[in-house]
Amino acid sequence: MILQVINLGRTEVTCARFRRTGNGLLPVSGLRRTWHSHDELRAILQEQCPPLPEESRTILALPPELLSLRELQLPFSDRRKVREVLPLELAGTTATGGSDIVCDAIPLQRDGLLLAGWAEREAVTGLIELLKQANMEPEAVTLGCLHWHRLLPPTDSGQETALYDDTALVVATPQGPLFCRTFEQTGDPSITEQSMTAAELILGRTISRRYQIEPDAAPLPADSSKPLPLPPQLAQLGSSGDLPATALASALATALAFSDSGCFNLRHGPLAWHGQTDRLLRSLRLPLILAGLLLLLLFGRLGLRWYQLTADLQERNAAIATLYKQAFPTRTKPVDESAEFRAEIKRLEGGSRSSGALQFMQQLATFQGNAITGISELEFDGSQFLLKGTGRSSADVS
């Protein structure tokens, strides 16, 4: 399976593809292009990122300026409940009263706080439709900087690190973010410095370890920060043209968060992605067809069996009707031939004389032979009998 991350910037787009394996994620390809309009962006994605023969899943990382962030605290941490309550909590913050936004939240690693993010529904829907037209409908819509902590080595557990570029600053440990702030303007080191100062005031301590997510990010004045050490997935990856391996770091963090189902995701509720159902139906298409054919054959077999039983039953009823006419020629409108036969037999078995007559008739039928072709009348008083019938010759009858 391929995970492709579309990382949108203000004027740049980075498309990175990673193959999911049993050991994690392996980079497959990456490119970065400049765009100025949605039509140009669509053309870049269609030309530079053609569809893959294997299964792929797309994640869209929005430009930071499209989202607003706010720290808040709720009495519960269940994500489903948080998503239900979040629009009400943000109603007083947004201009539309929370009715025309999409939002989500992730936990911060301090004081039980949540970091909520929201964007205008129309803007997010427009980008989703754009990628859908490029045959790259995103399964998740997120913000890349919220997952930068996944680039830190697990051995640094508990150690606080500042990660920044020209769009955002994040203070985090490998377990999750502690502080996050995005920038409306890029390339201004003073904004990054002010955000760093605010983070240290909020946390109550100095953050000495600072990393630039990308080397071309404007460094902090009089700062000892250095480029982020490459994670193992990118350490052995060379440059592709003018795109260094560090350019895939943010996309890798997003792909790791998506793989662990811990991704900040605006595609839920009305914007929920339904491609999983379509993919499941495609994968089950052949089994469903085979199951349908099996059911068709089963019902066909049952129908044939029912037809045969019906034909046998009709033949049996016709035979009973013929016997009834022979046994009771004076009865013209029988209601139930079988029932009347059983009633006559029970009547013959009812008394002692009737029982003897029935036994005598059974013996007579046994010894009748082929010479006597039919018996039409029998008179029996218990000791003597008188028969009327037909035979092949007068000698046979006598």
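Structure: above.
Not measured: the values here are computed from a predicted model. (Residues numbered from 1 in each chain as written. Predicted model: local features only at pLDDT ≥ 70, side-chain atom pairs only at ≥ 80, totals over all residues. Heavy atoms only, no water.)

Draft legend 1. Spatial organisation of the nonpolar core. Grouped together as the largest cluster of nonpolar side chains are 62 residues, with contacts concentrated most on Ile-6, Leu-45, Val-124 and Leu-266. No other element matches helix 6 (residues 249–259), which puts seven residues into this core. Ignoring anything within four residues of it in the chain, the contact list for Ile-6 reads Val-13, Thr-14, Cys-15, Leu-45, Thr-58, Ile-59, Leu-60, Ala-61, Leu-131 and Met-136. (Core = buried A, V, L, I, M, F, W, Y, C linked by side-chain atoms within 4.5 Å. Buried < 20%, exposed > 50% of the residue type's maximum accessible area, 1.4 Å probe, protein only. Helix = DSSP H or I, 4+ residues; strand = E, 2+ residues; numbered from the N terminus. Contact = heavy atoms within 4.5 Å.)

Draft legend 2. Representation of the packing of helix 1 (residues 38–48) against helix 3 (residues 121–133). Where helix 1 contacts helix 3, the axes come no closer than 9 Å and their chain directions differ by 40°. Considered as vectors, helix 1 and helix 3 are oriented oblique to each other. Handedness of the crossing formed by helix 1 with helix 3: right-handed. Here helix 1 contributes His-38, Leu-41, Arg-42, Leu-45 and Gln-46 to the contact with helix 3, which in turn contributes Leu-127, Leu-130, Leu-131 and Gln-133. In terms of residue class, the contact of helix 1 with helix 3 is made up of five nonpolar, three polar and one charged. (Axes fitted to C-alpha atoms, helices over the stretch in contact; angles between N-to-C directions. Parallel < 35°, antiparallel > 145°, perpendicular 65-115°, else oblique. Left-handed = near helix turned anticlockwise from the far one by under 90°. Nonpolar A, V, L, I, M, F, W, Y, C, P; charged D, E, K, R; others polar.)

Draft legend 3. Just the sheet that holds strand 3 (residues 24–34), in detail. A sheet is described by the order of its strands in space; here five strands give the open sequence 3-2-1-4-8, paired in mixed fashion. Whereas interior strands pair on both sides, the edge strands pair on one side only; in this sheet they are strand 3 and strand 8 (138–142). Taken pair by pair, the neighbouring strands of this sheet meet at an average axis angle of 20°, ignoring direction. For strand 1 (residues 2–8) and strand 2 (residues 12–21), the ladder comprises seven bridges, and the chain directions are antiparallel. Bridging across to strand 2, Asn-7 finds its partner in Thr-14. (Pairing = 2+ DSSP bridges.)

Draft legend 4. Broad picture of a nonpolar patch on the surface. Where nonpolar side chains cluster on the molecular surface, the patch consists of Leu-286, Ile-289, Leu-290, Leu-293 and Leu-296 and spans about 510 Å² of accessible area. Along the chain, Leu-290 turns up in helix 8 (residues 285–327). (Patch = residues over 30% accessible without salt bridge, like charges linked within 9 Å, V, L, I, M, F, W, Y side chains within 5 Å. Areas by Shrake-Rupley, 256 points an atom, 1.4 Å probe, with all protein chains shown as cover. Salt bridge = Lys/Arg side-chain N within 4 Å of Asp/Glu carboxyl O.)

Draft legend 5. Examining helix 6 more closely. Burial runs high along helix 6: 10 of the 11 residues are buried. Among the residues of helix 6, those classed as buried are Ala-249, Ser-250, Ala-251, Leu-252, Ala-253, Thr-254, Ala-255, Leu-256, Ala-257 and Phe-258. Against the buried residues of helix 6 lie strand 1, strand 2, strand 3, strand 4 (56–61), strand 8 and helix 5 (232–235). One or two residues past the end of helix 6 sits Ser-261, with phi positive at roughly 60°.

Draft legend 6. Fine view of the sheet that holds strand 6 (residues 101–107). Within the open sheet, the three strands sit side by side as 5-7-6. Their pairing is antiparallel. Two strands in the sheet have a free side with no partner beyond their single neighbour: strand 5 (68–72) and strand 6. Across the sheet, the axes of successive neighbouring strands diverge by a mean angle of 25°, strand direction being ignored. Running at roughly 130° to strand 6, helix 2 (residues 79–89) makes contact with strand 5, strand 6 and strand 7 (114–120) of the sheet. Most of the contacts of helix 3 go to strand 7, to which it runs at about 75°, and overall it touches strand 6 and strand 7.

Limitation: the analysis is restricted to geometry and does not speak to function.
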